[in-house]
Amino acid sequence: LIKAYRWMVSKSAMLSCPALVGLGVLAPEAIPVAFGEKWETSGVLVQIMCLMVVPYALAGFTSPVLMALGRAATLRTFALSQVISTAVFALAAAPFGLVAVAWASVGRAYLALPIQLWMLRSASGLRPQDALGAVARPLLASLLMGAAVWPLMDLLQPHFSSDVVPLAICVAAGVVIY
């Protein structure tokens, strides 16, 4: 189970990490191109939400593992704690605006991560370093790709009247770099 979990998480992270990091880097330009200028301010929200790359990479496999091990009660407890903590964090941040709610969501996801890892360990023996290690390489490669693409976009933008071509170049460069 541990070997299969690590394999699944690492393969998933190989796709999700570069996608989320790349989207996070290019969101301020990509969102208006994809959805129109009226969505321009949403780019910052997308960037904030993309910071949840690690919790997202691991969360998708928590439920299947717990269900496979017959730990429905543990899964129910985890899901209920997620719903309650999401509501609490969102309500606490709501008076400060939508950006604050997005940051609260990111904070909640990272605060829940140790609980999720502890539940996996107690149910299956999966150590936190097994789970996090499965994400480490794809995340590092993605962060390096993002660090290269970010200044590339700034370099290309002044040379084009629209962001379509610089985005296409940056996405292609990101794929090659990753």
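Computed from a predicted model, the values in this text were never measured in an experiment.

### So, the overall build of the chain
Then, number 1: Along the backbone of the chain there are eight helices and zero strands.
Then, number 2: Along the chain, from the amino end to the carboxyl end, the secondary structure elements read α-α-α-α-α-α-α-α.
Then, number 3: Projecting the C-alpha coordinates of the chain onto the three principal axes gives extents of approximately 55 × 40 × 20 Å.
Then, number 4: Per-residue burial over the chain gives 39% buried out of 178 residues.
Then, number 5: Taking the intrachain contacts of the chain between residues at least 6 apart in sequence as the baseline, contacts between residues at least 24 apart amount to 71%.
Then, number 6: As displayed, the chain has an accessible area near 9900 Å², and 73% of this comes from carbon and sulfur atoms.

### Things to note about helix H1 (residues 2-35)
Because each turn of an α-helix spans 3.6 residues, side chains separated by three or four positions in sequence point in the same direction.
Then, number 1: Taking 1.5 Å per residue, 34 residues should reach 50 Å; H1 reaches only 41 Å between its end C-alpha atoms and comes up short.
Then, number 2: The largest bend along H1 reaches roughly 80° and is located at Ala27, with the proline Pro28 sitting one to four residues downstream.

### What about the packing of helix H2 (residues 42-50) against helix H6 (residues 98-124)?
Then, number 1: Interhelical geometry of H2 versus H6 gives an angle of 15° and a closest axis separation of 8 Å. Between H2 and H6, the angle falls in the class roughly parallel. The two elements H2 and H6 cross, and the hand of that crossing is right-handed. Residues Leu45, Ile48 and Met49 of H2 form the contact with H6, whose own contacting residues are Leu98, Val99, Ala102, Trp103, Ser105 and Val106.
Then, number 2: Of the residues in the contact of H2 with H6, the class split is eight nonpolar, one polar and no charged.

Reading the values: the criteria
Residues numbered from 1 in each chain as written. Predicted model: local features only at pLDDT ≥ 70, side-chain atom pairs only at ≥ 80, totals over all residues. Heavy atoms only, no water. Helix = DSSP H or I, 4+ residues; strand = E, 2+ residues; numbered from the N terminus. Buried < 20%, exposed > 50% of the residue type's maximum accessible area, 1.4 Å probe, protein only. Contact = heavy atoms within 4.5 Å. Areas by Shrake-Rupley, 256 points an atom, 1.4 Å probe, with all protein chains shown as cover. Expected span 1.5 Å × (residues − 1). Bend = angle between axes of the 7 residues up to and from the residue. Axes fitted to C-alpha atoms, helices over the stretch in contact; angles between N-to-C directions. Parallel < 35°, antiparallel > 145°, perpendicular 65-115°, else oblique. Left-handed = near helix turned anticlockwise from the far one by under 90°. Nonpolar A, V, L, I, M, F, W, Y, C, P; charged D, E, K, R; others polar.

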